[in-house]
Each structure stands twice: as C-alpha cells, then as structure tokens.
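# Architecture at a glance
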Amino acid sequence: MSAELRVATLVAQVRAGARYRDIAPELVQRLVQRELRHARDDTTVVKAVRRQIHQVTGAFMVGTPNLAAAAAAWPGVAPSERQAWCIQRLREHASTRERLPHLDEFYRQIAARVGVVTRVLDLACGLNPLARYAMPFGAADYLACDVAGQLVQLVDVVVRDTGGGAAFVADLVAGAPPHHADLALALNLLPPLEHLERGAARRLLMSIQARTIVVSYPTRTIGGRSVGMCSAYEQSFAALVADLPWHSERLLIGDELVFIITRPSSRSPMP
Ligand SMILES: C[S@@+](CC[C@H](N)C(=O)[O-])C[C@H]1O[C@@H](n2cnc3c(N)ncnc32)[C@H](O)[C@@H]1O
C-alpha cells in the first residue's frame, strides 16, 4: 500500500467512529501523518489520533448533547424563547458554562475597548455565538468557525437567524481563515491549538485579519481545579507576543484570563 493510500485509509478509519466523523478531515490527516512518523501500527495510530481529537473538542462538551437535534429544533423555537433556549445550550459546553455567570460583564468589558464593530470573527467558536444576545456588538455580521461539524451546523442556523452571519468548518492549526473583521475572538483556543501542534498558536495570531483580537485562557481545569494556570498562561501569552509591536490589556473576568490585543497597523479596509 502506498504511503498516501495508508494515510487516506487511516483518516477514514478515524472518521468512521460516530464521534469523529464530523471533524475537519484536514486535522485528522495532519494528526495521522504525525503519528505515522513514529512508525506505529494502524490500531495505535487510530487510537492516538482519536484521543487527541477528543482532548481538544469532545472533552469540552458537558454530557452528550445531541447537537444535530438541537439544530433541527431551532426553527421551532419562538422568538420570545430564543434567549432561554440559547442559555440552555451554553450550559452544554464547558467554556460557555463557566462564562455564563459573568457573560454580561465579559462582553461589556470587551465592547468598551473595541470601537465600532461591523464584523466579528469567532475562532474555534464552540457554542459561544449563542451568547450573541449578551454582546453589545451583537448586531454585527457574525462569522464563526470550529473544527467540529455538528457544532458548526447548530451555530450556523442560530447566527443566521439572530442578526446575520454564518458558521463554517475550519482547522485553525493551519492558521486563521482569510476573512477580515473588526474583532476576532480566540477564546480558550490557544492551549488546545498548541497541544495539537507546537507553534500553531503563534501562527494563528499572526494570520488573523482583525484590528482587535481577544485572546482568553481558562484559569481552572475542566474539573474546576486551580493549579497555577493563571500565571502559567500569563507567561505563555507574554512570550507569544513579546517581540510584536502590539498593545495588549489584561483582564480577569470570573475565572477567565483575557487579553485584548490592539494592532494599530492592521487597519486595512474590509473586503
Ligand atoms: C475550549 S473550547 C473553546 C470554545 C469557545 N471559543 C469558547 O471559549 O466558548 C475549544 C474549541 O476549539 C475547537 N477546536 C479545537 N481544535 C481546533 C482546530 N484545530 N481548529 C478549529 N477549532 C478547533 C473545539 O472544537 C472547541 O470548540
């Protein structure tokens, strides 16, 4: 079997599992190729790739929400019920569940620093776009992406109906999508990205086409333990941007460490 065919076969094997079939094939292929460098047998490669994918995607889901069913149910949700419905969904992802008690404060602080926003780019969005009702800039065009297809399907139907925009599948290890925006959100994203490939966080930041970038980090584990993550991530962020002429402001909102980056030189016109 040629090397290419072996990679394609392994990608198909990984994606044959119900929990992996909606993951961007580019990411699966990237991870398969990396595992093969260790000259592992096929079963070990499939297991290792699935474990890594789970660690950066499925592990954040709370329970096993049926995202496809939620997407199908959305058109039947009455406008007066939409916010309550979205709050229920936000509880089904660890990042938004933790942010919920501080949601208004979180977006108020960001809005106060960002100026006029006509387009938001939410990178590795999880279920965060369903919190649009709490964003003072929520009327802006909303583009969102994530590596997990079912999640994207749900986000897509909701953003289209709540002010406009779209969601799409993307593997951000390769860098940011080419869309211009006033505000890019990279919330709780850099640690999983760096886990997938060393250097991916820096590559992503450098490729984002936005005037303001909000980067955040969790300060507790998914299980709720505080194990020095705040200072570790603070140092990691400082190292990431040390040589860049960017201005960044640090905030701590609830359990989330937030950096608001302003890049004066990136004021290019929107396409
Ligand atoms: C910790 S969650 C953060 C979700 C959201 N940004 C928030 O803070 O509410 C990480 C998200 O990154 C997504 N993700 C992981 N690896 C990715 C990749 N290579 N490309 C795009 N998204 C990825 C996961 O599917 C998951 O939704």
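Conventions used here
Residues numbered from 1 in each chain as written. Predicted model: local features only at pLDDT ≥ 70, side-chain atom pairs only at ≥ 80, totals over all residues. Heavy atoms only, no water. Buried < 20%, exposed > 50% of the residue type's maximum accessible area, 1.4 Å probe, protein only. Helix = DSSP H or I, 4+ residues; strand = E, 2+ residues; numbered from the N terminus. Arc of directions from axis to C-beta. Contact = heavy atoms within 4.5 Å. Lys, Arg positive; Asp, Glu negative; His and termini not counted. Salt bridge = Lys/Arg side-chain N within 4 Å of Asp/Glu carboxyl O. Polar contact = N/O pair within 3.5 Å; in protein donor to acceptor, adjacent residues only side chain to side chain. pLDDT = per-residue confidence, 0-100. Domains from an automatic or database assignment. Buried area = accessible area lost by both parts, 1.4 Å probe. 1 Å grid on protein atoms, 1.4 Å probe; cavity = no way out; pocket = protein on both sides within 12 Å on 5 of 7 lines; lining within 4 Å. Points joined across faces, edges and corners; volume = space filled by probe spheres on them. Nonpolar A, V, L, I, M, F, W, Y, C, P; charged D, E, K, R; others polar.

Three or four residues apart is the spacing at which side chains of an α-helix point the same way, because the helix has 3.6 residues per turn. Every buried residue of helix H10 (residues 200-207) is accounted for by Ala200, Ala201, Leu204 and Leu205. Projected onto a plane normal to the axis of H10, the buried residues spread over an arc of 135° and lie on a single side. Where the residues of H10 are buried, they touch helix H9 (190-196), strand E5 (209-218) and helix H11 (229-241).

Among the secondary structure elements, Asp122 is positioned in strand E1 (residues 119-123). Arg99 provides the closest opposite charge to the buried, unpaired Asp122, separated from it by 7.1 Å. Here Asn128 takes part through its side chain, which lies 2.9 Å from a polar atom of the side chain of Asp122.

On to unusual backbone geometry, then. Excluding glycine, residues mostly carry a negative phi; peptide bonds, for their part, are mostly trans. Non-glycine residue Ala124 carries a positive phi angle of around 55°. Its location among the elements puts Ala124 in the loop between E1 and strand E2 (141-146). Here the phi dihedral of Asn188 falls at roughly 50°; this positive angle occurs in a residue that is not glycine. With respect to the element layout, Asn188 can be found in the loop between strand E4 (180-187) and H9.

Turning our attention to the confidence of the model for the protein. Residue-level pLDDT values for the protein average 94, and 97% of them are 70 or greater. Contacts from residues 266-271, a stretch scored under 50 in pLDDT, to residues over four places away or in other chains number 11 contacts.

Let's shift gears to the domain arrangement of the protein. Looking at the assigned domains, one finds that the protein contains domain 1 (3-56) and domain 2 (69-266). Each of domain 1 and domain 2 has a C-alpha centre, and the two are 27 Å apart. Contacts between the two partners involve 10 residues from domain 1, matched on the other side by 13 residues from domain 2. Together domain 1 and domain 2 conceal approximately 990 Å² of surface at their shared face, both sides included; 61% is due to carbon and sulfur atoms. Per-residue buried area on domain 1 facing domain 2 is highest for Asp22, Arg30 and Val56; these three make up 50% of the total on that side. In this structure, Asp171 engages Arg30 in a salt bridge whose closest nitrogen and oxygen atoms are separated by 3.2 Å. Between the two partners, domain 1 and domain 2, sit six residue pairs in polar contact (both at pLDDT 80 or more). Sorting the residues of the side of domain 1 that touches domain 2 by element identifies helix H2 (25-36) and helix H3 (42-56) as the ones contributing at least two each.

Approximately 480 Å³ is the volume attributed to the largest pocket. Lining the largest pocket we find 18 residues, and of these Arg19, Gly58, Met61, Pro65 and Leu67 sit closest to its centre. Looking at the lining of the largest pocket, the elements with two or more residues in it are H3 and helix H8 (149-161). In terms of residue class, the lining of the largest pocket is made up of nine nonpolar, seven polar and two charged. For the lining of the largest pocket, the two domains that each supply at least three residues are domain 1 (3-56) and domain 2 (69-266). Approximately 270 Å³ is the volume found for the second largest pocket. Along its surface, the second largest pocket is lined by 16 residues, and Phe60, Pro192, Pro218, Ile222 and Tyr233 are the ones closest to its centre. Sorting the residues of the lining of the second largest pocket by element identifies H3, helix H6 (94-99), H9 and H11 as the ones contributing at least two each. Of the residues that constitute the lining of the second largest pocket, the class distribution is nine nonpolar, five polar and two charged.

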